[in-house]
Each structure stands twice: as structure tokens, then as C-alpha cells.
Amino acid sequence: QVQLVESGGGLVQAGGSLRLSCAASGSIYNINSQGWYRQAPGKQRELVAVLPSGGSANYADSVKGRFTMSGDNAKNTIYLQMNSLKPEDTAVYYCNERARTRFGGPAVDYWGQGTQVTVSS
């Protein structure tokens, strides 16, 4: 059982900043990757940022230079710092963790419940 709990969403004016947090709990053997996704109404869920275990974060072109993903292993928490927000960033944001819960077990995607980010003009 792995659970992801998000916080930090809200309403912000264009040009403002928000920091999303995602706290993970449960028995995790190892983590393959962590990421942030977003979904606007009527749109497909899209990748915002992904952090491979032991690697560097990769970002969608639309957020490069504005968003920064990081992780704190000691706190079992991942973050998404969002700066220079634009109205087109408005979406429900989901954190993701691809992990194995036991040795030799499958890598499974776990998702947070989503948090609304609304950017006004």
C-alpha cells in the first residue's frame, strides 16, 4: 500500500508562484521515478516533470525555466515549485510515483488525489 497526499494548490494571479507538495507513505522497496502531471478540463493528462531515481528532472517544454521539481528522501516528499504562473497552467495537478513494494515485484504507478491550481489573468 502506497499513498500520496498532495497539498499547496490554490488560486494565484498570473506571474505568481505556488509550491506543491506530495507526501508519500507506505511500504516502498524502491522508487523508479517520481513525477508531476496535470489535467485541464476536456484535456488529456500531460506530463509536467519527471524525476528518475538517481537522475535529473525533466520538464515539459511549456514549463521549462518556470517550474522546478525536487525531492526530499528523508521526508518522503516531492515538490513542484511553480513560478511565473500563466493562466494556461490552470489544471488539476497530480503527483506520481512509480515504485516497487517488494523485491522482484512489479513497478506500479501510484497517484495522488490531485490538487487544483487556478491562475487568474
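Check the entry above for the structure.
Residues numbered from 1 in each chain as written. Predicted model: local features only at pLDDT ≥ 70, side-chain atom pairs only at ≥ 80, totals over all residues. Heavy atoms only, no water.

Undergrad: Break down the overall build of the chain for me, with residues and values.
TA: Counting secondary structure elements, the chain contains 0 helices and 11 strands. Counted from the first residue to the last, the chain has its helices and strands arranged as β-β-β-β-β-β-β-β-β-β-β. In terms of C-alpha radius of gyration, the chain reaches 14 Å, essentially the compact-globule figure of 14 Å for 121 residues. When the backbone C-alpha atoms are referred to their principal axes, the chain occupies close to 50 × 25 × 25 Å. Across the 121 residues that make up the chain, the buried fraction comes to 37%. Of all intrachain contacts in the chain linking residues separated by at least 6 positions in sequence, the fraction that spans at least 24 positions is 56%. Here the chain has roughly 6,600 Å² of accessible surface; of this, 46% comes from carbon and sulfur atoms. Counting 11 positive and 8 negative side-chain charges, the chain places the averaged centre of each group 2 Å from the other. (Helix = DSSP H or I, 4+ residues; strand = E, 2+ residues; numbered from the N terminus. Rg over C-alpha atoms; globule rule 2.2 N^0.38 Å. Buried < 20%, exposed > 50% of the residue type's maximum accessible area, 1.4 Å probe, protein only. Contact = heavy atoms within 4.5 Å. Areas by Shrake-Rupley, 256 points an atom, 1.4 Å probe, with all protein chains shown as cover. Lys, Arg positive; Asp, Glu negative; His and termini not counted. Charge placed at Lys NZ, Arg CZ, Asp CG, Glu CD.)

Undergrad: I'd like to hear about the packing of aromatic side chains, residue by residue, with values.
TA: By convention here, two paired aromatic rings are described through the distance between centres and the angle between planes. Counted according to the given criterion, the structure contains 2 aromatic pairs. Where Tyr29 meets Phe103, the ring centres are 6.0 Å apart and the plane angle is 70 degrees; that geometry is what we call edge-to-face. Linking Tyr29 in the loop between strand 3 (18-26) and strand 4 (30-39) with Phe103 in the loop between strand 9 (91-100) and strand 10 (108-111), this pair joins segments that are 74 residues apart in sequence. The residue whose ring lies beneath Arg45 is Tyr94, and the NZ or CZ to ring-centre distance is 3.8 Å. Between the NZ or CZ atom of Arg45 and the centre of the ring of Trp111, over which it lies, the distance is 4.7 Å. (Phe/Tyr/Trp six-rings, centres within 6.5 Å; stacked < 30°, edge-to-face > 60°. Lys NZ or Arg CZ within 6 Å of the ring centre and 35° of its normal.)

Undergrad: Outline the pairing of strand 8 (residues 77-82), supporting the account with residue identities and numerical values.
TA: Across the 6 residues of strand 8, 5 count as buried, placing the element largely inside the fold. Pairing geometry for strand 3 and strand 8, over 6 bridges, is antiparallel. Pairing of Ser21 across the sheet is with Tyr79, part of strand 8. Relative to strand 8, strand 7 (residues 67-72) runs antiparallel, the two sharing 6 bridges. Bridge pairing in strand 8 places Asp72 opposite Thr77. (Pairing = 2+ DSSP bridges.)

Undergrad: Describe in detail the state of the cysteines, supporting the description with residues and values.
TA: Taken as a whole and judged by the stated rule, the model has 1 disulfide. Bridging Cys22 to Cys95, the disulfide has an S-S length of 2.1 Å. Measuring handedness by torsion sign, the sulfur bridge of Cys22 and Cys95 sits at about 50 degrees and is right-handed. Highlighted residues: Cys22 in strand 3 and Cys95 in strand 9, separated in sequence by 73 residues. (Disulfide = S-S within 2.5 Å.)

All we've got here are geometric facts, nothing functional implied.
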